[in-house]
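Observations on the model geometry
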Amino acid sequence: MNKEIINGLLDFMNASPVNFMAAKTLEGVLEENGFKRLDLTENMPKLQPGDQYFATKNGTAVFAFRVGEKAPAESGFKLICAHSDSPGFRIKPNAEMLCEGGIVKLNTEVYGGPILYTWFDRPLSVAGRVLLRTNNPMKPIEKRIKVERPLLIIPHLAIHFNRAVNDGNKLSKQKDMLPVLGIINDKLEQGNLLLNVIATELGCKKEDIIDFDLSLYDTTKACVVGLNDEFVSSGRLDDLAMAHAGLYALLNSKTTEMTQVLAVFDNEETGSGTKQGAASPVLKNLLHRISIQFNPCTGDFYRAIEQSFMISADMAHAVHPNYPEKHDPTNHPVMGGGPVIKINANQKYVTDAQSAAVFAEVCRKADVPVQYFVNHSDSAGGSTLGNILTSQMPMRGVDMGNPMWAMHSCRETICCADQEFVCKAFTEFFNL
């Protein structure tokens, strides 16, 4: 096991319980490694080969790049794209609900498509963004917050009240999945419990809190498991494992002819249709601004796109030891078998034979095995970032990801060897 890569992944996962904190973690590591922060409201600085910059959008999407030795119109861009969000629960406004016995639970809304029952009876807390009042209504102060201590729990109904629970139990997102915060001891506390926690964490006045974007997270730390430490168990591996691998590759690669780009979007789990999502022009605009630093001609940007290649990195399904029949009969990605190229005849993935060949050759040069995933023909599959991005910028691209179990569970599993493989492959790609 490569301890640098795996321990780095564990640290990254533990620091990134929600999209806002994942972006903060990425920003911190980039700055520590000499990348300069760009303000997208200002003009782009004059770019030179080897310059390293990053920009953010909405505090949840991060775009980092290293300027190539040649102008983009002469060489293109190399991109690795991932996403910062994961399925879970967002806290609604006016969230506190008083129940019998003084119990207070929080009203939440499901985000994306989590496996609901995996969230029961776990020590949970909250993290995200809080907006604080200033003298300018247009510019509230934004603070990112991660409450470290376990704060909530979603208690399951005892089997004695539902003897058929193990035969299948349809869950109501509004009734069954609400987390308990605590017990009110004083009626004056009613409606203020959560705000009091936030104010204490941030060291601010409760009255200065205007609004928040807060989500639940499992406080159990990421860890290595298995007889020979083969696996990593953690929440949010879809898709932070790919964000970590892309970051590792960017930090461990050298300046090449092509400009290298790491793009970590938000809101992939809900369709990407936000200003910080892949369906927005945020990445296209940034690449255009980089291109015109070398030549203001829009035609040069189009030339750059035609020479570019994108890896759309989003996790893949490993064959499950208890359910092998769920997979395609002849394509079974296995744990430890290396990165997985994802293919769909109806173009839900951007991969075609040409782009698959390119990525397979990158892996071969890196001495990394490669696998293939196609859906069982009787099952509909999901989609990801690739086609959304190529609908705006018609560049070559491949959809791929590492094999995993229990995608969208509160706790997911990957193989340590695969994380090492994909870090090698991504580094090889950037170094070409």
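Structure shown above.
Everything in this summary refers to the structure shown in the same document. Bear in mind the structure is a predicted one, so any value in this text is a computation, not a measurement.

When helices and strands are counted, the protein shows ten helices and 20 strands. Its C-alpha radius of gyration of 22 Å places the protein within 12% of the 22 Å reference for a compact globule of 432 residues. A principal-axis box enclosing the C-alpha atoms of the protein has dimensions of 70 × 60 × 40 Å. Of the accessible surface of the protein, which amounts to about 19300 Å², a share of 50% is contributed by carbon and sulfur atoms. One finds the centroid of the 42 positive side-chain charges in the protein at a distance of 4 Å from the centroid of its 49 negative side-chain charges.

Okay, the environment of Ala-71 next. Of note, Ala-71 is situated in the loop between β3 (61-66) and α3 (72-75). Relative accessible area serves as the criterion here: at 23%, Ala-71 is assigned to the partly exposed category.

In contact at an axis separation of 12 Å, helix α2 (residues 19-32) and helix α5 (residues 237-251) are set at 10° when each is read in the N-to-C sense. Comparing their axes, α5 and α2 come out roughly parallel. Here Ala-22, Leu-26, Val-29 and Leu-30 of α2 lie close against α5, whose contacting residues are Leu-240, Leu-247, Leu-250 and Leu-251. The residue makeup of the contact of α2 with α5, split by class, is eight nonpolar, no polar and no charged.

Counting 55 residues, the largest nonpolar core has Leu-30, Ile-80, Val-232, Ile-311, Phe-359, Ile-414 and Phe-426 as its most contacted members. Ranked by residues supplied to this core, first place goes to α5 with ten residues. Contacts of Ile-80, omitting those with residues within four sequence positions, involve Gly-246, Val-261, Leu-262, Ala-263, Ile-311, Ala-313, Phe-426, Phe-429 and Phe-430. Membership of the second largest hydrophobic core comes to 32 residues, among which are Ala-95, Val-104, Leu-193 and Leu-214.

Before going further, it helps to examine empty space enclosed by the protein. The probe, sized like a water molecule, is rolled over the atoms to show the empty space still left. Within this structure, the stated rule accounts for two cavities of 30 Å³ or more. Volume-wise, the largest cavity comes out at about 220 Å³. Lining the largest cavity are 25 residues; nearest its centre among them are Pro-17, Ser-86, Pro-87, Leu-216 and Arg-236. Every element with two or more residues in the lining of the largest cavity is listed here: β5 (88-98), β10 (209-218) and α5. Top element by residues in the lining of the largest cavity is β10. It accounts for four residues. For the lining of the largest cavity, the residue count by class is ten nonpolar, nine polar and six charged. Size it by volume and the second largest cavity reaches roughly 30 Å³. Breaking the lining of the second largest cavity down by element, the ones donating at least two residues are β4 (77-83) and α9 (385-390). Grouping the amino acids of the lining of the second largest cavity by side-chain chemistry returns seven nonpolar, one polar and no charged.

To continue, consider the sheet that holds strand β12 (residues 231-234). The sheet built from five strands is open, its strands ordered β11-β12-β20-β19-β15 with mixed pairing. The open sheet has two edge strands with one neighbour each: β11 (223-225) and β15 (316-317). Across two bridges, β15 lies against strand β19 (residues 403-405) in parallel orientation. Note that in β19 the partner of Ala-316 across the bridge is Pro-403. Sheet strands in contact with helix α1 (residues 3-15) are β11, β12 and β20 (412-415), and its direction is about 5° off that of β12. α5 rests against β12, β19 and β20 of the sheet, and its axis sits at about 35° to β20.

This part takes up the layout of surface pockets. Volume-wise, the largest pocket comes out at about 750 Å³. Lining the largest pocket are 36 residues, and of these His-317, Phe-373, Asn-375, Gly-382 and Met-407 lie nearest its centre. Its residues placed into classes, the lining of the largest pocket shows 16 nonpolar, 13 polar and seven charged. By volume, the second largest pocket amounts to about 510 Å³. Contributing elements (two or more residues each) for the lining of the second largest pocket: β2 (52-57) and β8 (141-146). Across the lining of the second largest pocket, the residue classes break down as four nonpolar, four polar and nine charged.

Definitions and limits used
- Residues numbered from 1 in each chain as written.
- Predicted model: local features only at pLDDT ≥ 70, side-chain atom pairs only at ≥ 80, totals over all residues.
- Heavy atoms only, no water.
- Helix = DSSP H or I, 4+ residues; strand = E, 2+ residues; numbered from the N terminus.
- Rg over C-alpha atoms; globule rule 2.2 N^0.38 Å.
- Areas by Shrake-Rupley, 256 points an atom, 1.4 Å probe, with all protein chains shown as cover.
- Lys, Arg positive; Asp, Glu negative; His and termini not counted.
- Charge placed at Lys NZ, Arg CZ, Asp CG, Glu CD.
- Buried < 20%, exposed > 50% of the residue type's maximum accessible area, 1.4 Å probe, protein only.
- Axes fitted to C-alpha atoms, helices over the stretch in contact; angles between N-to-C directions.
- Parallel < 35°, antiparallel > 145°, perpendicular 65-115°, else oblique.
- Contact = heavy atoms within 4.5 Å.
- Nonpolar A, V, L, I, M, F, W, Y, C, P; charged D, E, K, R; others polar.
- Core = buried A, V, L, I, M, F, W, Y, C linked by side-chain atoms within 4.5 Å.
- 1 Å grid on protein atoms, 1.4 Å probe; cavity = no way out; pocket = protein on both sides within 12 Å on 5 of 7 lines; lining within 4 Å.
- Points joined across faces, edges and corners; volume = space filled by probe spheres on them.
- Pairing = 2+ DSSP bridges.

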